[in-house]
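What follows is each chain in one-letter form.
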Amino acid sequence: MTDSTASAAPVVRRAVLADESALGELDRATWSTLHAVQPRPQPPYEPFFDERHTPRGILVAEAVNEAGERATAGYIRVVPPTPLACNAHVRQIQGLAVAHWARGRGVGRALIRAACAAARGEGANRITLRVLGHNAPARALYEAEGFTVEGVLRGEFFLNGSYVDDVLMGRALTP
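Residues numbered from 1 in each chain as written. Predicted model: local features only at pLDDT ≥ 70, side-chain atom pairs only at ≥ 80, totals over all residues. Heavy atoms only, no water.

> Residue-level account of the overall build of the protein chain, with values.
Looking only at helices and strands, the protein chain has 4 helices and 7 strands in total. The linear arrangement of helices and strands in the protein chain, starting from the amino end, is α-β-α-β-β-β-α-β-α-β-β. The C-alpha radius of gyration of the protein chain comes to 16 Å, within 12% of the 16 Å expected for a compact globule of 175 residues. In terms of overall dimensions, the protein chain has a C-alpha envelope of 45 × 40 × 30 Å along the principal axes. A total of 175 residues make up the protein chain; the buried ones form 40% of that total. Excluding contacts between residues fewer than 6 apart, the proportion of contacts in the protein chain whose partners are at least 24 apart in sequence is 64%. Surface summary for the protein chain: the accessible area is close to 9,600 Å², and the carbon and sulfur share equals 54%. Of the charged side chains in the protein chain, 19 are positive and 18 negative; the average position of the first set lies 6 Å away from that of the second. (Helix = DSSP H or I, 4+ residues; strand = E, 2+ residues; numbered from the N terminus. Rg over C-alpha atoms; globule rule 2.2 N^0.38 Å. Buried < 20%, exposed > 50% of the residue type's maximum accessible area, 1.4 Å probe, protein only. Contact = heavy atoms within 4.5 Å. Areas by Shrake-Rupley, 256 points an atom, 1.4 Å probe, with all protein chains shown as cover. Lys, Arg positive; Asp, Glu negative; His and termini not counted. Charge placed at Lys NZ, Arg CZ, Asp CG, Glu CD.)

> Give me the pairing of strand β6 (residues 148–159): which residues, what numbers.
Two elements, β6 and strand β7 (residues 162–172), share 8 bridges in a ladder whose sense is antiparallel. Bridge pairing in β7 places Val149 opposite Met169. Here β6 hands over to β7 after 2 residues, with Asn160 in that stretch at a positive phi of 50°. (Pairing = 2+ DSSP bridges.)

> Give a description of the sheet that holds strand β2 (residues 58–64) that names residues and reports values.
Judged by pairing direction, the sheet is mixed, and its 7 strands sit side by side in the order β1-β2-β3-β4-β5-β7-β6 without closing on themselves. Bordering the open sheet on either side are β1 (11–14) and β6, each of which pairs with just one other strand. Along the sheet, successive strands turn relative to each other by an average axial angle of 25°, direction set aside. Note that strand β3 (residues 70–79) and strand β4 (residues 90–98) share 5 bridges and pair antiparallel. Bridging from a neighbouring strand, Val79 pairs with Gln92 of β4. Contacts between helix α2 (residues 20–29) and the sheet are confined to β2, β3 and β4, with β3 contributing the most and set at about 85° to the helix. Packing against the sheet, helix α4 (residues 136–144) makes contact with β4, β5 (126–132), β6 and β7, and its axis sits at approximately 160° to β5. (Axes fitted to C-alpha atoms, helices over the stretch in contact; angles between N-to-C directions.)

> Would you mind going over the pattern of salt bridges in detail, with residue names and values included?
Overall, the coordinates contain 10 salt bridges when judged by the stated rule. Where Arg13 meets Asp19, a salt bridge forms, and the shortest distance between an N and an O atom there is 2.8 Å. Here Glu122 makes a salt bridge to Arg14, at a shortest N to O gap of 3.8 Å. Placement of Glu122 in the loop between α3 (107–121) and β5 and of Arg14 in strand β1 is noted, with a sequence separation of 108 residues between them. (Salt bridge = Lys/Arg side-chain N within 4 Å of Asp/Glu carboxyl O.)

> Let's hear about the packing of α3 against α4: which residues, and what values?
For any two helices packed against each other, one specifies the crossing angle of their axes together with the interaxial distance. Running from N to C, α3 and α4 cross one another at 50°; their axes reach a closest spacing of 10 Å. In this view, α3 runs oblique relative to α4, as classed from their interaxial angle. Seen along the crossing, α3 lies across α4 with a hand that is right-handed. Only Leu141, Tyr142 and Ala144 of α4 make contact with α3, whose side of the interface consists of Gly108, Arg109 and Ile112. Of the residues belonging to the contact of α3 with α4, the class tally is 4 nonpolar, 1 polar and 1 charged. (Parallel < 35°, antiparallel > 145°, perpendicular 65-115°, else oblique. Left-handed = near helix turned anticlockwise from the far one by under 90°. Nonpolar A, V, L, I, M, F, W, Y, C, P; charged D, E, K, R; others polar.)

What follows is the structure, encoded as structure tokens:
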């Protein structure tokens, strides 16, 4: 693999049903107490796609891995936060994962930018998310992409013997 191949920008596309296995594996491989409020997944694993989480709401990043092959490098789930018509102008990031081998290569940034563009394309004018207070790398990335803290639910989760804040962030989707 050449340096130019390794540094090539990731390609982001809409998920398809055939991504189920790769996305499930990526989700399990990137599970961490830094961002997860649920216990580590155990076999038999739940399907990655279900009624609430369809390919329509997920963008997939592909990049060249260490073996020089194009592979699934990450995903972002962006969906309407509620089914209410009065909230239809908002999209919410409800999951972002980047493969360990792809970190530091702009995959997360590319996914966030693609999610904002897709949300704009669906007529949304605002995007929000929730991130755990102790997840400094994610918070820094979101802030660099224009998200600001809009609220903090202090001690919302009790994880590994400590209370953890739930940080609410958002931004306008201006062209």
